[in-house]
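Single-letter residue listing:
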Amino acid sequence: METFRAVVLEEAGPTLRELPVSALPEGDVLVSIAYSSLNYKDGLALTGRNRVVRRFPMVPGVDFAGTVEQSRDPRYRPDDRVLLTGWGVGERHWGGFAQKARVSGDWLVPLPSGLSLQEAMAIGSAGFTAMLCVLALEDHGLGRDREVLVTGAAGGVGSVAVAILARLGYPVTAATGRPEEAAFLEALGAQAILDRRELSAPMDKPLASERFGGAVDVVGGDTLAGLLRQMAYGTSVAATGLAGGRELHTTVLPFILRGVSLLGVDSVRTPMPRRKRAWERLATDLPRGMIQAVQQVVGLEAAMALGPEILAGRVKGRVVVDVNA
């Protein structure tokens, strides 16, 4: 009987097991996984926080990259290299912390030319989300005359956003709650470092001086409220995270007096045309040296132990999971 290794979540917690291929859920493409990656949502699943997973047993891992082994989908053939992010994989459908996955062909993206499977997962859901944020800002007229702010800049989404924006020529300010990561952020291209507490500090007035020409926010909460007060006229914020809280205590003044746009960015159900556009841009606009600089590679067992660490904000850059290590 053919088997594979996988991290399996039960209500009591995660374990590393050997499973028969027949245990995989329904799907029309069987993928031999090479790499996955550790994302914030994976940390929630591994620790049982926020009940991200409601159906057990479940294999976590919201993304993966690998090679097609079998396919009933005419778009894919054996040996095709593919990647997957989102679509509820690792939450409602068995995910990437395993050596094999069976999924819908509608969820797969052909690996872009110029990217390896490992590089795709060094980018992963976090990098994909970062590029979606950049696309949203560009589509709403992001200019180069003012600094562009990235919050949570030392994390997975933030670090990729800093690198992409800097590569494209935008003056990037990196906001972080970890000032010891200043050298890391400057190496990615940040021109200035901002202590995140400066954004979340209480202000007497609902509006502050116009400072930022655009922003990528992965923190939410008081940090998002603080940066909205400092956005320049006609600019936009791409918001995609809630590490700092899901509530937003602000006023309508940035929106109705300065024409600020708050752009919600979701990476889970992104339509396929925009999904492919983002991955093609990642293959061309993300510096190769940055991909190497922000990643650490671990095995499945080590990935399990890092769940609490990513939730606590103690993981720098991207964690690539070698499922065969």
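Bear in mind the structure is a predicted one, so any value in this text is a computation, not a measurement. Along each chain, numbering runs from 1 in the same order as the chain's sequence is written. Local features in a predicted model are, by the rule used here, given only for residues with pLDDT of at least 70; side-chain atom pairs are given and counted only at 80 or more, and totals for whole chains, interfaces and linings are based on all residues. Derived side-chain values reflect all non-hydrogen atoms in the structure, with water molecules and hydrogen atoms excluded from consideration.

Trainee: Report on the overall build of the protein chain, specifying residues and quantitative values.
Mentor: Each helix is a run of H or I in the DSSP string that is no shorter than four residues. Each strand is a run of E no shorter than two, and both are numbered from the N terminus. The helix and strand inventory of the protein chain stands at eleven helices and 15 strands. Evaluated residue by residue, the protein chain yields a buried proportion of 57% over its 325 residues. The contact definition used throughout considers only heavy atoms, calling two residues in contact when any of these lie within 4.5 Å. Contacts in the protein chain between residues at least 24 apart in sequence constitute 71% of all its contacts with a sequence separation of at least 6. Carbon and sulfur atoms provide 48% of the accessible area of the protein chain, an area that totals close to 13,600 Å². Positive charges come from Lys and Arg alone, negative charges from Asp and Glu alone, with His and the N- and C-terminal ends not counted. For this purpose, a charge sits on NZ of Lys, CZ of Arg, CG of Asp or CD of Glu. Taking the average location of the 35 positive side-chain charges in the protein chain and that of its 35 negative ones, the two points are 3 Å from each other. Note on exposure labels: buried denotes an accessible area under 20% of the residue type's maximum, exposed denotes more than 50%, and partly exposed covers the range between, all computed with a 1.4 Å probe on protein chains only. For every accessible area listed, the method is Shrake-Rupley and the probe measures 1.4 Å; residues are considered covered only by the protein chains on display.

Trainee: Requested: an account of helix H6 (residues 221-228), with residues and values cited.
Mentor: The buried fraction of H6 is high, at seven of eight residues. Restricting attention to buried positions, one finds in H6 the residues Gly221, Thr223, Leu224, Ala225, Gly226, Leu227 and Leu228. Buried positions along H6 lie against strand E8 (148-150), helix H5 (197-200), strand E11 (214-217), strand E12 (236-239), helix H7 (253-256) and strand E13 (261-264).

Trainee: Explain the pattern of salt bridges to me, using residue names and the numbers behind them.
Mentor: The salt bridge criterion pairs a side-chain nitrogen of Lys or Arg with a carboxyl oxygen of Asp or Glu, the two atoms within 4 Å. Inspection of every chain in the model, using the stated rule, returns 14 salt bridges. Residue Glu2 is joined to Lys100 by a salt bridge in which the shortest nitrogen-to-oxygen separation is 3.4 Å. In this pair, Glu2 is assigned in the segment before strand E1 (3-10) and Lys100 in strand E6 (residues 100-103), connecting sequence segments 98 residues apart. The class of Lys100 is buried, set by a relative accessible area of 9%. Residue Glu309 is joined to Arg314 by a salt bridge in which the shortest nitrogen-to-oxygen separation is 2.9 Å. Residue classification places Arg314 among the exposed positions, given a relative accessible area of 54%. By sharing partners, the salt bridges in this structure join Glu2, Glu69 and Lys100 into a single network.

Trainee: Describe in detail a nonpolar patch on the surface, supporting the description with residues and values.
Mentor: Taken together, Val252, Ile256 and Leu257 make up a surface patch of nonpolar side chains, about 310 Å² in accessible area. With respect to the element layout, Leu257 can be found in the loop between H7 and E13. According to the relative accessible area criterion, Leu257 is exposed, its value standing at 52%. Exposure above 30% relative accessible area and no salt bridge define the residues that can form patches, which grow by joining like charges within 9 Å and nonpolar side chains of Val, Leu, Ile, Met, Phe, Trp and Tyr within 5 Å.

Trainee: Residue-level account of the packing of aromatic side chains, with values.
Mentor: Pairing of aromatic rings covers Phe, Tyr and Trp, the last through its six-membered ring, and needs centres within 6.5 Å; plane angles under 30 degrees mean stacked, over 60 mean edge-to-face, and all others mean tilted. All chains considered together, the criterion is met by one aromatic pair. If you follow Arg144 out to its NZ or CZ, it ends over the ring of Tyr170, 4.1 Å from the centre. In our convention, an over-ring charge means Lys NZ or Arg CZ found within 6 Å of a ring centre and within 35 degrees of that ring's normal.

Trainee: Got a sec to walk through the pairing of strand E9 (residues 172-176)? Specific residues and values, please.
Mentor: Most of E9 is tucked away: five of the five residues are buried. The alternating pattern of E9 places Val172, Ala174 and Thr176 on one face and Thr173 and Ala175 on the opposite face, and all of these are buried. Note on the crossover from E8 through helix H3 (residues 156-167) to E9: the handedness is right-handed. We call a crossover right-handed when, viewed with both strands directed away from the observer, the connection leading from the first strand over the helix to the second proceeds clockwise. Since E9 and strand E10 (residues 192-195) lie parallel, the crossover through helix H4 (residues 182-188) that links them has a hand, and here it is right-handed.

Trainee: Run through the packing of helix H2 (residues 117-139) against H3, naming residues and quoting values.
Mentor: Every axis corresponds to a line fitted to the C-alpha atoms, with the helix fit spanning only the stretch in contact, and the corresponding angles, defined between N-to-C directions, vary from 0 to 180 degrees. In contact at an axis separation of 8 Å, H2 and H3 are set at 50° when each is read in the N-to-C sense. Relative to H3, the element H2 is oriented oblique. Pair H2 / H3 crosses with right-handed handedness. Across from Ala126, Gly127, Thr129, Ala130, Met131 and Val134 in H2, the residues of H3 making contact are Gly156, Val157, Val160, Ala161, Ile164 and Leu165. A per-class count over the contact of H2 with H3 returns nine nonpolar, three polar and no charged. Geometric relationships in this document are graded by angle, where less than 35 degrees denotes roughly parallel, more than 145 denotes roughly antiparallel, 65 to 115 denotes roughly perpendicular, and other angles denote oblique. The crossing is said to be left-handed when, going from far helix to near helix, the turn is anticlockwise and less than a right angle, and right-handed when the turn is clockwise. The classification used treats Ala, Val, Leu, Ile, Met, Phe, Trp, Tyr, Cys and Pro as nonpolar, Asp, Glu, Lys and Arg as charged, and all other residues, Gly among them, as polar.

Function-wise, these values are silent; they only describe arrangement.
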